[in-house]
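Residue-level structural notes
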Amino acid sequence: MKLLIIGREKPTETIVDFLEASKSYFEKVYYTSWKNINVNLEKESINLFSKNKELLNFDVLFALPRKKTLDFTTSLTSIFEMKKKFVCFPSDAITLCNDLFLLFFTLNISNIPIMKTYYATNAETLKQRLKEEEMRLPVVIRPKIGSEIVINNAESINTIIDAFEKLEQPIIIQELKDMKKVNVLSIGTSFFAEQDGEKYELLNEQKNIVYKIKQMLNVEILEITAYINNDSLIVYSVSLVPHFRKFFSCYGKEMIISNLCIHIRKASDIFYEKNPLVKMINIIKKNKNAE
C-alpha cells in the first residue's frame, strides 16, 4: 500500500512527524506540495505528475483541504475517487464544509444541535430580519470570504453588515451561547477532547453527536468545536483541517499521530478489500503463500 501526502511547499512540523511515522505502516510514502503538481489531460485519459512521479500510482491520498488550495484539493480528490482510490477527505465532504450555510442547514435537518442561524445575500433584508427577530447578543458574523467577527453591541451590527455588503458576498450571522466550548478531534473510533488546554472526557451522548456528523459527511477524520450543553453539544464549527497540535499537550504527539497512521492504514485496507477485484487478488496471494 502506497501513501501520497500533499500539502504546503514547506510542510509543518506535524506533517513531517506524520510522514515519518506513516513509513512504518505503508510500503511507500511520498510527500509533494501543490505547486509541484502537473495535470495532463489527453484523449480521455488523465495523468498527475510531481517531479516526473505519477501520482495516480499511489493507493491512498491524504490532502488537507486548506482554504488557499481548496478548489484544487476538491478537483484532485475527485480524480482519485474516480480512479477508485482511497481518499481521507472525500470531495463531497470538502464541498459541503466549504459552504457554511449549507453545512449548518444539513446539520440542522440531521437533528444535530446548532446555534440560531440567519443567512442573507442582501444587507437591508438581513438588518430588517434581525430587528424583527430581536436577536440576542453577542453574535458572530461569518462571511464566505474573510475572518469571522464577534459583535457584542447592537450599534456595531449594521455598520459591519454594511461593510460586508460592499464585498458582495453572502452573510451568515449566529447567536453565541453563554456556555463553555470544547474542541474534539475524532480519528476513526478514537476521540480526543480538550477544554482550555485540559483533557475533557466526552459523554456518550456527546460522542453520538460527533458520530452523526461523521456519518453525515462520510468522513472519519475531523475536528469539531462545540458548546457544552449539559450532556449534549451545540456545534460551533466543523473542520476537515484538524489542528492536531492543539491536542498534543493533553494526549501526547505520539498517540495522536500513531492513531492517525493506524486508522488510515486500516481504513484503506477495508476500502480495497471491498473491491471485488482486489479481494480476489488477495485471496490468490494468500493461497499461493499457503502452498
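Model, not experiment: these values are computed from the prediction.

Describing the packing of helix α3 (residues 91–98) against helix α4 (residues 100–109)
The contact between α3 and α4 brings their axes to 5 Å, and the two run at 105 degrees. Overall, the two elements α3 and α4 adopt an arrangement that is roughly perpendicular. Along the contact surface, α3 presents Leu 96, Cys 97 and Asn 98, while α4 presents Leu 100, Leu 102, Leu 103 and Thr 106.

Let's talk about the packing of aromatic side chains
One pass over the full model with this rule turns up ten aromatic pairs. Plain terms: the ring middles of Trp 34 and Phe 72 are 5.3 Å apart, the flat faces sit at 55 degrees to each other, and that makes the pair tilted. Remark: Phe 72 occurs in helix α2 (residues 70–82) and Trp 34 occurs in the loop between β2 (28–33) and β3 (37–42); sequence separation between them is 38 residues. The ring of Tyr 236 carries the charged tip of Arg 142 above its face, separated from the ring centre by 4.5 Å.

A look at a nonpolar patch on the surface
On the surface, Phe 101, Leu 102, Phe 105, Ile 109 and Tyr 119 cluster together to form a nonpolar patch covering roughly 460 Å² of accessible area. Counting residues per element, the nonpolar patch draws most heavily on α4, which supplies four residues. By the element assignment, Ile 109 lies in helix α4. On the accessibility criterion, Ile 109 (53% relative accessible area) is exposed.

Remarks on α3
Where α3 is concerned, the buried positions are Ser 91, Ala 93, Ile 94, Leu 96 and Cys 97. Of the surrounding elements, those touching the buried residues of α3 are α2, α4, α7 (204–217) and β16 (232–239).

Comments concerning unusual backbone geometry
Between Leu 137 and the following residue, Pro 138, the backbone shows a cis peptide bond with an omega angle of 0 degrees. By the element assignment, Pro 138 lies in the loop between α5 (123–133) and β9 (139–143). Its identity as a non-glycine residue notwithstanding, Asn 52 has a phi of 65 degrees, on the positive side. Assignment of secondary structure puts Asn 52 in the loop between β4 (45–50) and β5 (53–54).

What to know about the sheet that holds β9
Read from one edge to the other, the open sheet built from four strands follows the order β8-β11-β9-β10, with strand pairing classed as antiparallel. The strands lining the two open edges of the sheet, one partner per strand, are β8 (117–120) and β10 (149–151). Going from strand to strand, the sheet's axes swing by 20 degrees on average, the running direction of each strand aside. Set on the sheet, α4 makes contact with β8, β9 and β11 (171–175); between it and β11 the angle comes to about 45 degrees.

Structural notes on the nonpolar core
Generally speaking, soluble globular proteins have nonpolar side chains that are buried together. Formed by 60 residues in total, the largest nonpolar core has its most connected members in Phe 62, Ile 213, Leu 217 and Val 238. Tallying contributions element by element places helix α9 (residues 253–273) first for this core, with seven residues. Beyond its immediate stretch of four places on either side in the chain, Phe 62 contacts Leu 3, Leu 4, Ile 5, Ile 6, Ile 15, Phe 18, Cys 88, Phe 89, Leu 260 and Ile 264. By size, the runner-up hydrophobic cluster in this structure holds 16 residues, among which are Leu 56, Leu 61, Leu 76 and Phe 80.

Conventions adopted
Residues numbered from 1 in each chain as written. Predicted model: local features only at pLDDT ≥ 70, side-chain atom pairs only at ≥ 80, totals over all residues. Heavy atoms only, no water. Axes fitted to C-alpha atoms, helices over the stretch in contact; angles between N-to-C directions. Helix = DSSP H or I, 4+ residues; strand = E, 2+ residues; numbered from the N terminus. Parallel < 35°, antiparallel > 145°, perpendicular 65-115°, else oblique. Contact = heavy atoms within 4.5 Å. Phe/Tyr/Trp six-rings, centres within 6.5 Å; stacked < 30°, edge-to-face > 60°. Lys NZ or Arg CZ within 6 Å of the ring centre and 35° of its normal. Patch = residues over 30% accessible without salt bridge, like charges linked within 9 Å, V, L, I, M, F, W, Y side chains within 5 Å. Areas by Shrake-Rupley, 256 points an atom, 1.4 Å probe, with all protein chains shown as cover. Salt bridge = Lys/Arg side-chain N within 4 Å of Asp/Glu carboxyl O. Buried < 20%, exposed > 50% of the residue type's maximum accessible area, 1.4 Å probe, protein only. Pairing = 2+ DSSP bridges. Core = buried A, V, L, I, M, F, W, Y, C linked by side-chain atoms within 4.5 Å.

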